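Single-letter residue listing:
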Amino acid sequence: MKRVAVIGLGAMGAPIARRLLGHGCEVTVWNRSPQRAVALREAGAVVAESAADAVRGAEAVIVMVTDPPALLAVTEGEHGIAAGIGPGAVVIQMSTVSPAAVARLADALPAGTGLLDAPVLGSVAEAASGALRILVGGPPVLAERCLPLLSQLGSPLHVGELGAGTAAKLVANNALFGVLGVLGESLALGGALGLSWEVLHKVLAVTPLAAQAARRRPAIEADEYPARFALALARKDADLVAEVAGEVGAVGAADDGGPGLGLTAAARDWLRDAERAGRADQDYSAVLAHILHAVKKGPQQ
Ligand SMILES: NC(=O)c1ccc[n+]([C@@H]2O[C@H](COP(=O)([O-])OP(=O)(O)OC[C@H]3O[C@@H](n4cnc5c(N)ncnc54)[C@H](OP(=O)(O)O)[C@@H]3O)[C@@H](O)[C@H]2O)c1
């Protein structure tokens with residue numbers, strides 16, 4: 001698979017396209033906002049006028065856009081991927097969307113088109129260095145065929161049939177958001193109880209939060225959160241988690257009246273609240289700063 005089209009040249013799509021160029025692929029790119037393609041043209045990519053044009057003649061098409069509406073926008077219609085893709089080509093859908101959006105994509109593509117859903121763990125640096133974890137859903141034979149291409153971007157893990165990659169990605173992000181939420185709340189609680197910042201970190205270092213507490217400490221201390229994974233995207237993913245959990249009856253479904261996915265809901269609330277407070281364009285880890293600012297010391301006994 002040497003002829004590859006990359007659709008969507010944002011924070012993740014651009015380094016993916018650049019990496020494939022560096023590994024001998026013939027890369028054609030398209031992005032809704034043309035200025036984002038300029039640097040890739042200079043690096044050797046062919047820049048197409050539309051998604052349909054970009055995928056004509058491609059053996060593999062990588063899609064890396066924001067969310068389900070963006071996926072729909074680049075795949076359907078007269079200028080979309082489905083209108084231009086040739087027989088035998090494979091679409092590798094890497095955006096974080098919902099299983100329903102993947103199913104709709106499958107319906108939109110011409111019969112005979114291969115399709116994998118392959119969202120990723122890791123961020124911009126991992127995309128640039130080929131160190132992504134790629135959660136692949138789709139027919140095992142097709143996943144095997146795409147292994148050499150995907151291995152240039154990271155470590156593919158086949159997790160099941162079509163849609164399973166997306167489900168796995170939402171589970172992974174749900175874990176991440178929950179950990180950040182409980183880290184922020186633990187730091188806020190410790191502060192409210194009068195523990196020093198230094199002591200708090202010593203305590204957290206001997207808990208299951210140790211790795212995240214150490215990793216996030218410098219950003220909290222500098223109060224700087226330059227976006228790698230924008231908080232608005234994390235909130236989008238938390239919304240997708242709520243959507244899919246609702247669809248399968250997993251939220252509040254505990255027969256005994258228990259809270260269902262209560263921690264999941266709380267983590268989403270923090271992300272939404274941080275976004276409303278103006279942190280949409282910061283890194284998603286800025287939710288920690290938001291929690292620290294938002295949690296007030298309760299009434300003193
Ligand atoms: N950043 C990370 O660390 C990270 C990590 C793992 C997974 N992800 C996931 O990867 C995906 C891409 O993330 P990103 O950080 O690269 O986002 P990004 O920088 O915001 O880029 C989003 C891309 O989607 C395009 N797009 C959005 N709406 C569109 C529409 N209606 N029609 C056509 N194109 C549209 C944008 O085009 P324009 O340039 O024209 O706006 C841009 O190319 C998301 O699903 C995200 O959740 C991100």
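Cut-offs applied
- Positions within a chain are numbered from 1, following the residues in the order the chain's sequence is written.
- For this predicted model, a pLDDT threshold of at least 70 governs which residues receive local features, and a threshold of 80 or more governs which side-chain atom pairs are given and counted, while totals over whole chains, interfaces and linings are taken from all residues.
- Here the side-chain values reflect all heavy atoms present in the structure, with hydrogen atoms and water set aside.
- UniProt positions are given in the numbering used here, feature names are shortened, and annotations may be inferred rather than shown by experiment.
- The classification of residues rests on relative accessible area computed with a 1.4 Å probe and restricted to protein chains. Under 20% of the type maximum is buried, over 50% is exposed, and intermediate values are partly exposed.
- Where helices and strands are cited, they refer to DSSP runs of H or I of at least four residues and of E of at least two residues respectively, numbered from the N terminus.
- A pair of strands counts as paired when DSSP detects no fewer than two bridges linking them.
- Here, the term disulfide refers to a pair of cysteine sulfur atoms separated by no more than 2.5 Å.
- Side-chain atoms within 4.5 Å link the members of a nonpolar core, which is a set of buried Ala, Val, Leu, Ile, Met, Phe, Trp, Tyr and Cys residues.
- Throughout, a contact is declared for two residues whenever any of their heavy atoms are within 4.5 Å.
- A cutoff of 4 Å decides nearness: a residue is near a molecule or strand if any of its heavy atoms lies inside that distance of it.
- Nitrogen and oxygen atoms within 3.5 Å of one another constitute a polar contact, given that in protein one can donate a hydrogen and the other can accept it, and given that sequence-neighbouring residues count only through two side-chain atoms.
- Computed with a 1.4 Å probe, the accessible areas rest on the Shrake-Rupley method; for each residue, only the protein chains presented here act as cover.
- Grid points spaced at 1 Å and placed over the protein atoms alone form the basis of the search, with a cavity being a set where a 1.4 Å probe fits but cannot get out and a pocket an open set showing protein on both sides within 12 Å along at least five of seven lines. Lining residues have an atom within 4 Å of a point.
- To decide whether a molecule occupies a pocket or cavity, check its atoms: if more than half lie within 2 Å of the grid points, it is inside.
- Angles here are taken between N-to-C directions and fall from 0 to 180 degrees, while the axes themselves are lines fitted to C-alpha atoms, restricted in helices to the stretch in contact.
- Angle categories: roughly parallel below 35 degrees, roughly antiparallel above 145, roughly perpendicular from 65 to 115, and oblique for all the rest.
- Any residue outside Ala, Val, Leu, Ile, Met, Phe, Trp, Tyr, Cys, Pro, Asp, Glu, Lys and Arg is labelled polar, Gly included; the first ten of those are nonpolar and the last four are charged.

In the annotation of an unreviewed UniProt entry, the chain is listed under the name 3-hydroxyisobutyrate dehydrogenase/2-hydroxy-3-oxopropionate reductase and assigned to Kitasatospora viridis. The UniProt entry for the chain carries the following text under Sequence similarities (unreviewed entry): "Belongs to the HIBADH-related family."

Student: Looking at this structure, how should I read the pairing of strand β4 (residues 60-63)?
Tutor: Every other side chain in a regular strand lies on the same face of the sheet, so the side chains alternate between the two faces. Neither face of β4 is exposed, since A60 and I62 on one face and V61 and V63 on the opposite face are all buried. Here four bridges tie strand β1 (residues 3-7) to β4, and the two strands are oriented parallel to one another. Within β4, the residue paired with A5 across the bridge is V61.

Student: What is the right way to look at the state of the cysteines in this model?
Tutor: Working definition of a disulfide: a covalent bond connecting the sulfur atoms of two cysteines. Inspection of every chain in the model, using the stated rule, returns zero disulfides. For the unlinked cysteine C25, the closest cysteine sulfur is that of C146, found at 12 Å. Judged by relative accessible area, which is 0%, C146 ranks as buried.

Student: Looking at this structure, I do not really get the nonpolar core. What am I missing?
Tutor: Soluble globular proteins tend to bury their nonpolar side chains together. Core analysis: the biggest nonpolar cluster contains 34 residues, and V6, I16, L20, I62, I92, M94 and I134 have the highest contact counts within it. Secondary-structure elements contributing two or more residues to this core are β1, α1 (13-22), β2 (26-30), β4, β5 (90-93), β8 (132-137) and α8 (140-151). With near-sequence residues (within four places) excluded, L20 lies in contact with V4, V6, C25, V27, I62, L149, Q152 and L153. The next biggest cluster of nonpolar side chains, apart from the first, holds 25 residues, and it includes A267, Y284, A289 and I291.

Student: Is there a simple way to think about the site of the ligand in this case?
Tutor: The ligand sits among 26 residues. The nearest are A11, N31, S33, R36 and S123. Here an oxygen atom of the ligand sits 2.8 Å away from a polar atom, N or O, in the main chain of A11. Separating an oxygen atom of the ligand from a side-chain N or O atom of R36 is a distance of 2.7 Å. Contact with the protein chains removes 87% of the 900 Å² of surface that the ligand exposes when unbound. Judged by the proximity of its atoms to the pocket grid, the ligand belongs to the largest pocket.

Student: So what exactly am I meant to see when it comes to the packing of helix α10 (residues 197-204) against helix α11 (residues 210-222) here?
Tutor: The geometry of a pair of packed helices is captured by two quantities: the angle between their axes and the separation between those axes. Look at α10 against α11: their axes get within 9 Å of each other, and the N-to-C directions meet at 155°. Judged by the inter-axis angle, α10 sits roughly antiparallel to α11. In this structure, α10 uses W197, E198, H201 and L204 to contact α11, whose residues at the interface are A210, A213, R217, I220 and E221. Here the residues of the contact of α10 with α11 are counted per class, giving five nonpolar, one polar and three charged.

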